[in-house]
Amino acid sequence: MRSRLGQFLRARRQLTTIDQVGLAYTGDRRKTPGLRREEVAMLAGVSCDYYTRLEQGRELSPSDQVLDALARALQLNPEAAHHLHALAHSTCDRRRPESTDRVHPDVLRLLDSWSDKPALVVNQLLDVLAQNSLIGAFHDGLAHADNIMRLTFLEPRIRELWVNWEEQARSRVAHLRSETGKDPGSALVELVEELSRESEDFRRIWAKCEVWTDTGYPIYVHHSGVGDLTIRYQSFTVESAPSQRLVVFQTEPGSPSEQALSRLRAIHARPDRAAHGSTPKKHDEVRTIRNFR
């Protein structure tokens, strides 16, 4: 069976064209649009036999110099190059930071204080560990809202909410792909298998083996209650729990998006929402998704 390193190399090779790397087109017919093994080997300065063994999982201990050369040959960005090294060294005795789903009370209070900004806390699998009520207002009535990956691929209505769904989906898969380079546990493997089984779009995007830093691409939202919004977000590592990320969403001050977000907050806090099948909440209520351990 091909190793994770081999799978990654093969996928990136097939997505890299001769034009990208400056090779001349010889006119011969290609089975795939990407590079051939011998072309990658030539660009990286290794033998074709050695590179073939890497792809086939028969060579599992390439040097850092070889990995750097392959990253240059395949024109990997810094995050993808780091992922390549992580895959190659995944058998080393490395321990990832201890994972916990317990959100510290100070972080919960911080969420509570952002009554005008949607915010949540996630772990490596993008399980939502805690969120404030504005996030709940966006995802009201949607299935799988307790895990961003399942929400993205297993809830069809999210495509109506996220206008730029494809871009957001690729970003989330790139995040999940990066986690597989950190000696993934069974929960991550099970999540990937579940999404691969249930979603053709996930299989398509996952096969690209894209890895990049989530730089907070804007989410273009169309909300049936308040209209269109452009939302940006930033995520921060929680130092007391390195496996957790605090994600904060914002709109441009004074923009129509900020006004729409204010309307959503007001609608969500209205007592008469109970008459429409929703339980009213105070605007500053923080919802803890998972129990403390």
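Here's a quick rundown of the structure.

How each quantity is defined
- Residues numbered from 1 in each chain as written.
- Predicted model: local features only at pLDDT ≥ 70, side-chain atom pairs only at ≥ 80, totals over all residues.
- Heavy atoms only, no water.
- Axes fitted to C-alpha atoms, helices over the stretch in contact; angles between N-to-C directions.
- Helix = DSSP H or I, 4+ residues; strand = E, 2+ residues; numbered from the N terminus.
- Parallel < 35°, antiparallel > 145°, perpendicular 65-115°, else oblique.
- Contact = heavy atoms within 4.5 Å.
- Nonpolar A, V, L, I, M, F, W, Y, C, P; charged D, E, K, R; others polar.
- Polar contact = N/O pair within 3.5 Å; in protein donor to acceptor, adjacent residues only side chain to side chain.
- Core = buried A, V, L, I, M, F, W, Y, C linked by side-chain atoms within 4.5 Å.
- Buried < 20%, exposed > 50% of the residue type's maximum accessible area, 1.4 Å probe, protein only.
- Salt bridge = Lys/Arg side-chain N within 4 Å of Asp/Glu carboxyl O.

Side note on the packing of helix α1 (residues 4-15) against helix α4 (residues 48-55)
Two elements in contact, α1 and α4, have axes separated by 7 Å at closest approach and are oriented at 115°. What the angle tells us is that α1 and α4 run roughly perpendicular. Residues Leu5, Gly6, Leu9, Arg10 and Arg13 of α1 form the contact with α4, whose own contacting residues are Tyr51, Leu54 and Glu55. Its residues assigned to classes, the contact of α1 with α4 comprises four nonpolar, one polar and three charged.

With respect to the side chain of His85
Inspection of the secondary structure puts His85 in helix α6 (residues 78-88). Among the polar contacts listed, one links the side chain of His85 to the side chain of Asp64, at a separation of 3.4 Å. Aside from chain neighbours lying at most four places away, what touches His85 is Asp64, Leu67 and Asp68.

Considerations on the nonpolar core
Formed by 39 residues in total, the largest nonpolar core has its most connected members in Met149, Phe153, Leu176, Phe202, Leu229 and Phe249. Excluding residues within four positions of it along the chain, Phe153 makes contact with Trp165, Ala169, Val173, Leu195, Ser199, Asp201, Phe202 and Ile205. Judged by nonpolar contacts, the second largest core, of 29 residues, contains Val21, Tyr51, Leu70 and Ala81.

Some points on the pattern of salt bridges
On inspection of all chains with the given rule, the structure shows 12 salt bridges. Here Asp116 ties to Lys117 by a salt bridge, and the two come within 3.4 Å at their closest N and O atoms. Notably, a salt bridge pairs Glu155 with Arg157, separated by 3.1 Å at the nearest N-O pair. Here Glu155 falls in the buried class, since its relative accessible area comes to 4%. If you follow the salt bridges from partner to partner, you end up with Arg159, Glu166, Asp201 and Arg204 in one network.

Details of helix α3 (residues 37-44)
For α3, the full list of buried residues reads Glu39, Val40, Ala41 and Ala44. Those residues of α3 that are buried lie in contact with α1, α2 (18-21), α4 and α5 (64-73). Looking one or two residues beyond α3, the residue adopting positive phi is Gly45, at roughly 75°.

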